[in-house]
Amino acid sequence: MAADPVGPAGLFYVDDPWEPFNRRVYAFNDRFDRYVYLPLVRAYEYVTPVFAQQGVSNVLDNLKEPLTFANSVLQGRLEKAGVAVLRLVLNTTCGFLGLLDVATPAGLERQPEDFGQTLGVWGFSSGPYLVLPVLGPSNVRDAIGLAVDGAGSAFQEEFLLQPIDPQTRTLLSDAHIVLEAVDARHRLSFQYYQTGSPFEYALVRFLFMRKRGLDVQK
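Residues numbered from 1 in each chain as written. Predicted model: local features only at pLDDT ≥ 70, side-chain atom pairs only at ≥ 80, totals over all residues. Heavy atoms only, no water.

When helices and strands are tallied, the protein shows eight helices and two strands. The secondary structure elements of the protein, listed N-terminal to C-terminal, are α-α-α-α-α-β-β-α-α-α. Dimensions along the principal axes, computed over C-alpha positions, put the protein at roughly 65 × 40 × 35 Å. A total of 218 residues make up the protein; the buried ones form 36% of that total. (Helix = DSSP H or I, 4+ residues; strand = E, 2+ residues; numbered from the N terminus. Buried < 20%, exposed > 50% of the residue type's maximum accessible area, 1.4 Å probe, protein only.)

Structural data, given as structure tokens:
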């Protein structure tokens, strides 16, 4: 009898003690993606010119450079921290507040770092696999990291929008949340249950955990 590829001795095995719950969330994410998320993204792509879509992606990436800087410093990766600062300065000034990515052609490649990676560098285990509603594959360490990065992003946004009146600040904050969610899905080509594999859940789980392990090491 052939070995189970997702069992404890299988090629794609990952510690997943909450698998029944995770599979239900995975199925929910599929329905949400199909009937809500993707239609919203397709509408965005239809009404927004390609150059504007790229501009939105560039601005959102630029806003994440301070978090990359902070996490790089916490990891002791000072060279990456320096690149994040140079990218932020160059793209904010010469790139018209980040609309253009002029840093990458200048040899300053974007090297995103998050608090989940920071915890990994500090020696924290990834913990069990976890599927988050809407957000998708994660693990305990990355879920904590996501919360910390979210708090950092909120603090940064509050600081940047402080001079603006509260009503406009709220509108801009809401627009930022929506644009970030739409842009993230716009960049992702993956679609649920389109891999053709009967082991899609296990395959996605394995690839995600493998990628995050490599992210910590790089």
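From this point, the discussion proceeds with the structure in view.
Moving on, we get to the pattern of salt bridges. Under the criterion given, the structure shown has 20 salt bridges. Arg-110 is the salt-bridge partner of Asp-61, the closest N and O atoms lying 3.7 Å from each other. Taken together, the residues span a long stretch of sequence, with Asp-61 in helix 2 (residues 50-63) and Arg-110 in the loop between helix 4 (78-93) and helix 5 (115-121) at a distance of 49 residues. According to the relative accessible area criterion, Arg-110 is partly exposed, its value standing at 28%. Of the charged contacts in the structure, one is a salt bridge between Asp-101 and Arg-87, with a shortest N-O distance of 3.7 Å. (Salt bridge = Lys/Arg side-chain N within 4 Å of Asp/Glu carboxyl O.)

Let us look at the environment of Arg-24. Note that Arg-24 resides in helix 1 (residues 19-47). Overall, the relative accessible area of 56% leaves Arg-24 in the exposed class.

The pairing of strand 1 (residues 129-132) with strand 2 (residues 136-139) spans four bridges and is classified as antiparallel. Following the sheet pairing, Tyr-129 is matched in strand 2 by Asn-139. From the end of strand 1 to the start of strand 2, which pair antiparallel, there are three residues, and Val-134 there has a positive phi angle of about 70°. (Pairing = 2+ DSSP bridges.)

On to the nonpolar core, then. Val-14, Val-25, Tyr-26, Tyr-129, Val-131, Tyr-192, Tyr-201, Val-204, Phe-208 and Met-209 together form the largest nonpolar core, which totals 10 residues. With four residues, helix 8 (residues 200-217) is the largest single contributor of residues to this core. Look past the residues within four positions of Val-131 in its chain and what remains in contact with it is Phe-21, Asn-22, Val-25, Tyr-26, Asn-29, Gly-136 and Tyr-201. (Core = buried A, V, L, I, M, F, W, Y, C linked by side-chain atoms within 4.5 Å. Contact = heavy atoms within 4.5 Å.)

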